[in-house]
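Summary of the model geometry
Here is what each chain is made of, one letter per residue.
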Amino acid sequence: FLLNKLAGPEAVGFFTIAATLTRGGVELLSTGLTTVLLPMMANAFGAGGRERVSRIAGDAVRYFHFLGLLLAGIGFFWAAPAIALMYGDKYFPAVFALQMMVIIRGFTLSHAAFGAMLSITDNQRLRAAESVFSVVVSAAAALWLVPRHGLTGAIYAHMLSTLLVYLFSFICVRVVLEVPLPYGDTLRMTAAALSAAAVSMAALVATEAPSQLHQVLVGVLFVLTYLACTLLFKVWNQYDLAMLGKLGNRIPAF
C-alpha cells in the first residue's frame, strides 16, 4: 500500500516479483522439512518429553541453517539470470530486491524449526505473541523506511522485520523453553558460507560485465565451495555421516 502510494505501481511490481520468487524457494525447503519434522517431534515428545524433543530440535536447526545458507548463496548469484530469463531486462530493479530477500530468508530459515518446537510443546501463546509482534514490527518498519526510501526502504523494512521476528522466536526457544542450540555448528556453517561467497564473488568480479552463463556458473561454484568448506570447518559429525549413509543405501546411485 505504501509503495503504491509513494513510489507507484512499478515499485510494487518489482517488490512483488522478488517476494514471490523468494517465498517459492523458501517454502520449497521449509515446508517439506517441516512436514517431516513435526511428526518426528510429536513422537519424541510423547515418548521422552521435552528433553528428547530438544535433541531433535538441535539437529533440525543445523540442517535448516545449512540449507538456508545454500539457498541464500544460490539465490544471490542466480537472481540476475533468473529475472532476465523470466521477466526480461526491463525488470532489472527486481534483482536487488530478490538478492536481499533471499539472503535474509535463507539466513533465518531455521525459524521454521523454532516454530515447530513451539507448536509441539504446546506453547501456542508464544506463537500468538510472535504473530502479533510480527504485524507490529512489519508495520512500524514499513512506516519508517518506505516513505523515506521507496522501494529500497521496503526491501530493508522486510529484512529488518524478518530478522526481528526471527530473534523473537529464538529468544522464546532458548530463554523461555531453555532448549540448547548448536551455536558452534551454526557459526561454522556461516563461516563456510561466507568463505564460499568470497571465492564466488571474486570469480564474479573478475569479469567487468559477466554474462548470464558466467553468473550461473558462479552460483555452481558457490555450491561446490560451500560443501567443501563445511568439510574443512568440520561442520558434520558421525551421526550426520551415518544418517547420510542410510539415505545412500536407499538410493543405489549414491
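Just above, that's the structure.
Residues numbered from 1 in each chain as written. Predicted model: local features only at pLDDT ≥ 70, side-chain atom pairs only at ≥ 80, totals over all residues. Heavy atoms only, no water.

1. Regarding the pattern of salt bridges
Formally: For this document, the term salt bridge refers to a Lys or Arg side-chain nitrogen within 4 Å of an Asp or Glu carboxyl oxygen. A run of H or I in DSSP counts as a helix once it spans at least four residues, and a run of E counts as a strand once it spans at least two, with each numbered from the N terminus. Using a 1.4 Å probe on the protein chains alone, a residue whose accessible area is under 20% of its type maximum counts as buried, one over 50% counts as exposed, and one in between counts as partly exposed.
Counted by the stated rule, this structure contains four salt bridges. A salt bridge links Arg62 to Asp59; its shortest N-O distance comes to 3.1 Å. Here the residue Arg62 and the residue Asp59 both occupy positions in helix H2 (residues 9-86), the gap between them amounting to three residues, near one helical turn. Asp185 is the salt-bridge partner of Arg188, the closest N and O atoms lying 2.4 Å from each other. With Arg188 and Asp185 both in helix H6 (residues 183-205) and three residues apart, the pair spans about one turn of that helix. By relative accessible area, Asp185 is classed as buried at 15%.

2. Details of the layout of surface pockets
Put simply, the rule reads: Whether a set of points on the 1 Å grid over the protein atoms alone is a cavity depends on a 1.4 Å probe fitting there but being unable to get out, while an open set qualifies as a pocket with protein on both sides within 12 Å along at least five of seven lines; lining residues are those with an atom within 4 Å of a point. Grid points are joined across faces, edges and corners, and a volume is the space filled by probe spheres set on the points. In this classification, the charged set is Asp, Glu, Lys and Arg, the nonpolar set is Ala, Val, Leu, Ile, Met, Phe, Trp, Tyr, Cys and Pro, and all remaining amino acids, among them Gly, are polar.
Of the voids in this model, the largest pocket is the one considered here, and its volume is about 1000 Å³. In terms of lining residues, the largest pocket is bounded by 28 residues, among which Leu33, Tyr63, Leu67, Met243 and Leu247 are the most central. Sorting the residues of the lining of the largest pocket by element identifies H2, helix H7 (212-232) and helix H8 (238-250) as the ones contributing at least two each. Top element by residues in the lining of the largest pocket is H2. It accounts for 15 residues. The residue makeup of the lining of the largest pocket, split by class, is 21 nonpolar, three polar and four charged. Of the pockets and cavities examined, the second largest pocket occupies roughly 410 Å³. Taken together, 19 residues form the lining of the second largest pocket, with Arg105, His111, Glu130, Thr162 and Val165 sitting closest to its centre. Listing elements by their share of the lining of the second largest pocket, those giving two or more residues are H2, helix H4 (111-120) and helix H5 (124-176). Element by element, the count of residues in the lining of the second largest pocket is highest for H5, at 10 residues.

3. Remarks on the side chain of Ser161
Put simply, the rule is: Residue contacts are counted whenever heavy atoms from the two residues lie within 4.5 Å of one another.
Tracing the backbone through its elements, the reader meets Ser161 in helix H5. If we skip the residues at most four places from it in the chain, Ser161 touches Val137 and Ser138.

4. With respect to H5
Put simply, the rule reads: What a helix is expected to span follows from its residue count: subtract one and scale by 1.5 Å. Working definition for bend: take the seven residues up to and ending at a residue and the seven starting at it, fit an axis to each, and measure the angle between the axes.
Taking 1.5 Å per residue as the helical rise, H5 with its 53 residues ought to reach 78 Å, whereas the 13 Å between its terminal C-alpha atoms falls clearly short. At His149, H5 is bent by approximately 150°, the largest bend along its length. Looking one or two residues past H5, Glu178 carries a phi angle of roughly 55°, positive in sign.

5. Details of the packing of aromatic side chains
This is how the line gets drawn: Pairing of aromatic rings covers Phe, Tyr and Trp, the last counted by its six-membered ring, and requires centre-to-centre distances within 6.5 Å; plane angles under 30 degrees mean stacked, over 60 mean edge-to-face, and any other angle means tilted.
According to the stated counting rule, one finds 12 aromatic pairs in the structure shown. Ring centres of Phe77 and Phe222 lie 6.0 Å apart, and the angle between their planes is 40°; on these two criteria the pair is classed as tilted. Placement of the pair is Phe77 in helix H2 and Phe222 in helix H7, with a sequence separation of 145 residues. For the pair shown, Phe77 and Phe222 are each scored as buried. Seen in terms of ring centroids, Phe114 and Tyr166 are 5.7 Å apart; in terms of plane orientation they differ by 40°. Their pairing is tilted. Of the two residues, Phe114 is situated in helix H4 and Tyr166 in helix H5; the sequence distance between them amounts to 52 residues. Neither residue differs from the other here; Phe114 and Tyr166 are each classed as buried. Aromatic rings pair up to connect Phe66, Phe76, Phe77, Phe222, Tyr226 and Trp236 into one cluster.

6. Examining H7
As a reminder, the rule being used: Starting at the helix axis, one direction is taken to each C-beta atom, and the arc is that of these directions.
The end-to-end C-alpha distance of H7 is 30 Å, a good match for the 30 Å that 21 residues give at a rise of 1.5 Å each. Of all the positions in H7, only His214, Gln215, Val218, Gly219, Phe222, Thr225, Tyr226, Cys229 and Thr230 are classed as buried. Buried residues of H7, viewed axially, fall in a sector of 140°; they line one side. Away from the buried face of H7 by more than 90 degrees, exposed residues Leu213, Leu217, Leu224 and Leu231 are located. Just past H7, the residue Lys234 takes up positive phi, approximately 55°.

7. Points about the side chain of Arg62
Accessibility expressed as a relative area gives 2% for Arg62, which makes it buried. Excluding residues within four positions of it along the chain, Arg62 makes contact with Pro182, Asp185, Met189, Val235, Trp236, Asn237 and Asp240.

8. Regarding the environment of Val53
For Val53, the location among the structural elements is in helix H2. On the accessibility criterion, Val53 (0% relative accessible area) is buried. In this structure the C-alpha to C-alpha distance between Val53 and Ile74, which are 21 residues apart in sequence, comes to 31 Å.

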